Amino acid sequence: MRSESSSGAGEEVDALVRELPDPEGARLFYERVVAEHPPARRLFERDAGLLSDALALAAWSPLLGTTLAQQPEHLQWLARERVASRVKTTEELGESLARFALTHTQAGTQVILARFRRRELLRVYLHDLRHTTTLVETTEELSNLADAVLAYALQLAQSELENLYGAPQCTDERGRKRSASLCIVALGKLGSRELNYSSDIDLLFIYSEDGETSGTGERGAITNREFFCKLAEGVARLVGQPSGEGAAYRVDLRLRPHGRDGALAVSLREALRYYHETAHAWELQALIRQRASAGSPQLFARFSEGLRERVYRRDETVAHALFNVRLAKQKIDRFHRREAGGYNVKLGRGGIRELEFIAQALQLAHGGRDPWLHAPHTLISLSRLADRHLVTERETTSLSDAYTFLRMLEHRLQMEHGLQTHTLPDDPARRSLVARRMHFHGASALEEFEQALRTHIANVRAVYDRVFGDTEDDAAQATATTDAATATPRVTATPAPDARAPAAPEASPAPRGSALAHPAPDDRGARTPEDDAEKAAHAAAVVFAPHIAGALEETTGKVARRLLDAARGSLNPKRALALLARVASSLDKSDADVELNLNEEDLGALARLCGGSEFLGEMVAANPELIPALAARAEAVGERDHRAVLRAAVDGGRSFREELSALRRAWARLLVEIGARDVEGDITPAESNRLQTTLAAASLNAALLVARREIARHHGPFAAGPRLSVLGLGRLASGGMDYGSDLDIILVYDPKVPPPIGGLSHDESYARLSEPFASALSNLTRDGYLYRVDLRLRPDGRNGPVAVGARSFVNYIRERAGVWELLAYVKLRAVAGDLELGRAVETEARRTVHEAARRAGAEVLRAETRRVRERLEREHTRGQGRHGTDIKYGPGGMLDVYFAARYLQLRDDVADVGDDRSTRATLARLHENGSLGETDFHALDRGYALLRRIDHHLRLLAGRSTRLPAAPDHPVLSDLSRRTGHAAPAALVSDLDAHTAAVRAAYLRVVEG
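Residues numbered from 1 in each chain as written. Predicted model: local features only at pLDDT ≥ 70, side-chain atom pairs only at ≥ 80, totals over all residues. Heavy atoms only, no water.

**Observations regarding the environment of R326**
Looking at where R326 falls in the secondary structure, it is placed in helix 15 (residues 318–336). Looking at R326, the relative accessible area reads 1%, which means it is buried. Counting along the chain gives 32 residues from R326 to I358, while the straight-line C-alpha distance between them is 9.3 Å. (Helix = DSSP H or I, 4+ residues; strand = E, 2+ residues; numbered from the N terminus. Buried < 20%, exposed > 50% of the residue type's maximum accessible area, 1.4 Å probe, protein only.)

Below you can see the structure in the form of structure tokens.
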């Protein structure tokens, strides 16, 4: 007889599984886990949310249910990871993998990689089936996961080979030895960041130059070719060779030059020669989706740039492009017809492959004349094709919806048992289960699912037939003539290497009925820049005219002239017109009912914004609902209560997703308001920084509110508190937030208040709270993201708790903080959350920082300041000059000023006082204190003023960047010189060189004593 406790648990499980797609499977999973692992029962009893999520995973994926049953230690991990739904970056996953490997040292590398991937799938699939991430976010994270695994395997394999043979080297044009590098190039779905749960990963291994290794290893020198082929083999073995628990991924190298007969790794020169001279059309089509997955990004840039004009040919004809793509598809169709089973969502008529080939054919046909179409991601490419009117808006919507539906269906099929399947089962019972896993409910679930599937298939096929027109018969005939000479093709993103397609005649007529039968713009005769400008203005005017107040009197021609005049009066007319056209296109296809009521002044403001800031213009183009924000006057913008605006936006949300969306939309309006006034010159850069700092603090408070609500949804009302404060560092602390700035923060809580979540410790409670807090700020959603959140300066860095008790934080500074941390903590400031707690911690922490600095002594402070500064300069300024001057990390850059000022603050015990804690205010205090002489003060102060002015306008023009363009005629450099009051780019560069030289000299005098 079951106990009262177990009876209650059983009733709870019965209630939870009732609405799941496979209730019996979920119930069996629960009974197995609690029977074999009693601690799991206690964990489920403490955490109802974890129980619900574990049951859902078992109901949607027996594979993952088995994973949890066999490795119940993952339940504790999932309990921590299940709340935060943001997409983890490759770097974050790489760090997790490194920690995972350290705790599984008894297992071989192949087992570690397979286990780690399976563990991460628990988290990714949970957010997928809960709809807390989109399809794009899911496939991006699956791609990031593969990148992290490949990077780990590459590092390990290369280290082992260098121990045997030494490092690979080559000789440059001056006869000097330097290191040779390798890049793992991803193709297919990994290349476009659209990886499935059970995809092959298609890889190329490219190395930089021939030569030989240094010979310092155990076995002496070998050629670079031998070394990198061994390296490719090693990576493929670690990642792709099955162990006792399967392989992490199926690695496919058959798309490399010369296919199965080619070397596993080829030099850059050899690869470029192959693709320019030997490669067939289907191989070039595969390069649409190329990306550096691991290894040297610089090498990949050389590879990609060397092939751009070969993949996207300016002389490509519409007929030729269609013929080649349709021929590749025809071969896949013939192979698929020999397969048995139900409908194949990937390769069947109206399936994913036809949809992808629609996009790729249009890209190849027009990409040589329009770089905007060079987008590897399928959904992005469809959107850009719509921008160019190569598919209609209705087709774009139907194809995007079909792609999302079919890819989700593909995922559900694959995650049942972890198999690389794309075939829908014929059995009605199994199809009904698939329908329920696709979130169709009730007695008519299967019928509704079947109808949705038929609709999406028909939509894809209709566009496919319209695009390819009569090329299908031509391709079929060409395929038939080569059947005898071809082997069975591989069913992947492209046909097998031995499925060679004959070249189509260049003069083939455009197919009748094709979407591409009209000539490309470049074929209509020579056009002047003025023609293009008028065309762009007219295209935008067609969309804007209906939104003009008194539209009955307005003609498209009048609006076009106004747009053209306004663009010519902006900082960069060409940029203005290009972005105006994008804004108009986005407005035209927007589902939102955007009330603009534009007038002549509004059109001028929009044109000036687009001409003066690519960064803000792109924001408005992505979301035309932001256009009304341009009308806000400087006085209103300066007095705006950012915290109240964001709070009101969040209050209207009923779920975490709704709150995130509302927060992002409100934040974007506020930022565009500031930026519009910035572009117009109505506010100074310093005022812009102040407003953006206020906005950042308000965003932190709004994110805390969102996090509290989300935790309460999962855990019920808080037992106490929470009492949490956000301490800012860097620009956030000094009031210098700017476009694209990170939020460098530390989270501290009051340990005297009981933990807010019942049954959890302080650290556990605040760790739970910090996850949705960080997600609210940094998760990338369809509405964008707010800030990158950087918590690495917390005590013990990545190894420390995300939130730390107030007393523990102060003790850490006193007892264990390094001098480099003191240099950061000296600018500490309470910015959000419980400000009473924060200011108390700030006061004590800053006092403790100065005490620790006095104990360290001037010599240690000086040596550590130089060490950290020099390390940052080395790491960030490789290629300076060739890639442009780095105004932050380079010699005489902003970091010279930061480090000089903070070093002197610590050495001479000069604390920040008052509200103005900016770097220039700190320099003034140091000067008044006698810590900084007259010459050095003026050099640092004036140099920093110029550097920050350049930095601000560079961010406004082009977004987050620390490098000036290297080319003297670069349009951004020309615009930057005008924004900073210089007569020409040469004058700006000359002024900058003089000031950075003076800053570097002053910095060296300061740190050398």
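Past the structure itself, the notes keep going.
**With respect to the sheet that holds strand 2 (residues 177–179)**
One open sheet holds the three strands; their spatial order is 2-1-5, and the pairing between them is antiparallel. Looking at strand neighbours, the two that pair on one side only are strand 2 and strand 5 (212–213), the edges of this open sheet. In this sheet, strand 2 lies alongside strand 1 (residues 168–171) in antiparallel orientation, the contact comprising three bridges. Along strand 2, the bridge assignment pairs T171 with K177. (Pairing = 2+ DSSP bridges.)

**Structural notes on the pairing of strand 13 (residues 829–833)**
Strand 13 sits mainly inside the fold: four of its five residues count as buried. Here four bridges tie strand 9 (residues 724–728) to strand 13, and the two strands are oriented antiparallel to one another. In the strand pairing of strand 13, V726 is matched with A832.

**Digging into unusual backbone geometry**
In this structure, H389 takes a positive phi of about 65° despite not being glycine. A residue is classified by how much of its surface remains accessible, and H389, at 66% relative accessible area, is exposed. For D796, which is not glycine, the phi dihedral falls at a positive 65°. Tracing the chain through its elements places D796 in the loop between strand 11 (789–790) and strand 12 (803–805). Residue D796 is classed as partly exposed on the basis of its relative accessible area, which comes to 35%.

**Points about the nonpolar core**
The tendency in soluble globular proteins is for nonpolar side chains to be buried side by side. Formed by 90 residues in total, the largest nonpolar core has its most connected members in F544, L700 and F773. The greatest single-element share of this core, amounting to 13 residues, is contributed by helix 29 (residues 656–680). Those residues in contact with F544, other than ones at most four positions away along the chain, are V559, L563, L580, V583, A584, L587, L598, L603, L606 and I627. One finds Y30, L164, I201 and M415 within the second-largest nonpolar core, a separate group that totals 83 residues. (Core = buried A, V, L, I, M, F, W, Y, C linked by side-chain atoms within 4.5 Å. Contact = heavy atoms within 4.5 Å.)

**Side note on the pattern of salt bridges**
Following the criterion strictly, the structure yields 76 salt bridges and no others. Between D252 and R254 there is a salt bridge, with the nearest N and O atoms lying 2.9 Å from each other. Between E354 and R461 there is a salt bridge, and its shortest N-O distance comes to 2.2 Å. With a gap of 107 residues between them, E354 in helix 16 (residues 352–366) and R461 in helix 20 (residues 445–468) connect regions that are remote in the sequence. The class of E354 is buried, set by a relative accessible area of 1%. Assessed through its relative accessible area of 10%, R461 is described here as buried. (Salt bridge = Lys/Arg side-chain N within 4 Å of Asp/Glu carboxyl O.)

**Comments concerning the packing of aromatic side chains**
Applying the stated rule across the entire model yields 16 aromatic pairs. Ring centres of Y125 and Y197 lie 5.1 Å apart, and the angle between their planes is 85°; on these two criteria the pair is classed as edge-to-face. Of this pair, Y125 sits in helix 8 (residues 109–129) while Y197 sits in the loop between helix 10 (188–191) and strand 4 (200–207), placing them 72 residues apart in sequence. The exposure classification of Y125 matches that of Y197, with both residues buried. Aromatic pair F405 and F449: ring centres 6.1 Å apart, planes at 25°, arrangement stacked. One end of the pair, F405, is in helix 18 (residues 393–417); the other, F449, is in helix 20, and 44 residues separate them in sequence. Neither F405 nor F449 differs from the other in exposure class; each is buried. (Phe/Tyr/Trp six-rings, centres within 6.5 Å; stacked < 30°, edge-to-face > 60°.)

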